[in-house]
Amino acid sequence: MFTETFLGGHGIVGAHVPVGAGIAFAQKYMDETQATFVLYGDGASNQGQVEEAFDMAKLWDLPAVFISKNNQYEVRQMRSTKDPIRGLEKYIVSWGLATSANLKSRKSKEVKETVNEAVEEAKTAPEPPEDDLWMYVYDNGEVAPSRRGRERGEHKLGFPNTITTSGSGRYWFDNNVSREFGVFAPVDTPGFGLPGQFGVNFAFINKSTVDVFVDQEKINFFRVTFLMERMCPLSFGLGSRFNETYFAEYADAINYITLTKGAYALLDPHNYMRYNDPSQQPFSGSVIGDSSDPTAATTEQFGEFWAELARRFKTNPKVVFGINNEPHDMPTELVLENNQAAIDGIRSVGAEQLILAPGNGFTGGHSWTQITGNNDAPSSDFMNMLRDPLNNLAIDIHEVRVNLQLNYLRFMTL
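Quick caveat: nothing in here was measured; it's all calculated off a predicted structure.

## Details of the pattern of salt bridges
Tallied over the full model, the rule gives eight salt bridges. Asp 215 is paired through a salt bridge with Lys 261; the nearest N and O atoms lie 3.1 Å apart. Here Asp 215, found in helix α6 (residues 207–215), pairs with Lys 261, found in the loop between α8 (244–260) and β9 (264–269); they are 46 residues apart in sequence, far enough to count as distant. Close ionic contact of Glu 244 with Arg 312 constitutes a salt bridge, the shortest N to O distance being 2.8 Å. Of this pair, Glu 244 sits in helix α8 while Arg 312 sits in helix α9 (residues 299–313); the two residues are 68 residues apart in sequence, bridging distant segments of the chain. Via salt bridges that share partners, Glu 244, Glu 308, Arg 311 and Arg 312 belong to a single interconnected network.

Listed below in structure tokens is the structure:
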């Protein structure tokens, strides 16, 4: 989570803001022609340390750019029920950090231009600017309604004004391209939201947004999620029989990214290695391959599913196969068996593209060598046993940075 130019987050809400101001102070002290981005959620805006950081940055003319990632919520509670965001705007204006016009809602292109201007200003004539990026972190399906407190009428398909990316070398990665779900229920309700209506309850991509990411942001790798319960309806069961309408909608998204835009697309069954009930993900549904659960799909069915999906994309070199999103709370040896079945299925149809295999414990890098879940063995004990006849296999490592808006970064080892 840390590099020489990216210092990650902080376990205490808002505590990283004065740290960022301190970094900017060091840059000024050492006469560096750089600026520091300090990003925080609007829910952290009432922290005294945040306001003190503004004060010090203003007093010492530090080369810092403060960004409020504003979605009007404090995790689960709408800010207007406690303290409207306009209270923060009042302080910012009164401190002379920004004018009311600076704090208006902006589109992505305007945000980028504003940020670029702020960086140059901070470098050349330090005067710490404050900007307010309005965004929808909880887009349709991101978090269960029971966990976030929003009303149904507030659901929106679309994309946040700011994007979370990571990358090195060959791939620059957009993690938040897909808003596919729309199945979360207040309580565990098998079948809730299924099958759903495309463009109303779920969607895969916004093509114009992909255009911006590829053409302007130079991103060339997109993770596009889907639900196995929609690809293989419960009436079919997990396997090689697909809902062809749903597949066509998904294939259109993948083809636009790969064939039209020339970027890579990761096929991501977002199921936590479970199938039959996504209504309370990540914990609902039967673990694939669990022989003690008569409702569970088998490891063999999982292999058949991947063989069919790979068969349909095997001629597209820009496609990457992600076996499953974040398995957890299951025997690690079963994760290995399911992964191997998927690999064998993919290779059996002649698909040669890169495969990403997850570990257990939400495939966390921090816990890769640790016992997770219900005394489940470390991923490191088993994932080294995976075999790919083409040696075109990588481990999918996820690391999550959570701030008050529940934004996250996700990293892949390629």
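## Brief notes about the confidence of the model for the protein
For the protein, the mean per-residue pLDDT works out to 77, and 67% of the residues sit at or above 70. Counted against residues more than four places away or in other chains, residues 401–414, with its pLDDT under 50, gives 69 contacts.

## Some thoughts on the pairing of strand β8 (residues 221–226)
Counting buried residues in β8 gives six out of six residues, a clear majority hidden from the surface. Burial along β8 is two-sided: Phe 221, Arg 223 and Thr 225 facing one way and Phe 222, Val 224 and Phe 226 facing the other are all buried. Of the strand pairs in this sheet, β8 and β9 are connected by six bridges, and their pairing is parallel. Bridge pairing links Phe 222 to Ala 265 in β9.

Rules used in this analysis
Residues numbered from 1 in each chain as written. Predicted model: local features only at pLDDT ≥ 70, side-chain atom pairs only at ≥ 80, totals over all residues. Heavy atoms only, no water. Salt bridge = Lys/Arg side-chain N within 4 Å of Asp/Glu carboxyl O. Helix = DSSP H or I, 4+ residues; strand = E, 2+ residues; numbered from the N terminus. pLDDT = per-residue confidence, 0-100. Contact = heavy atoms within 4.5 Å. Buried < 20%, exposed > 50% of the residue type's maximum accessible area, 1.4 Å probe, protein only. Pairing = 2+ DSSP bridges.

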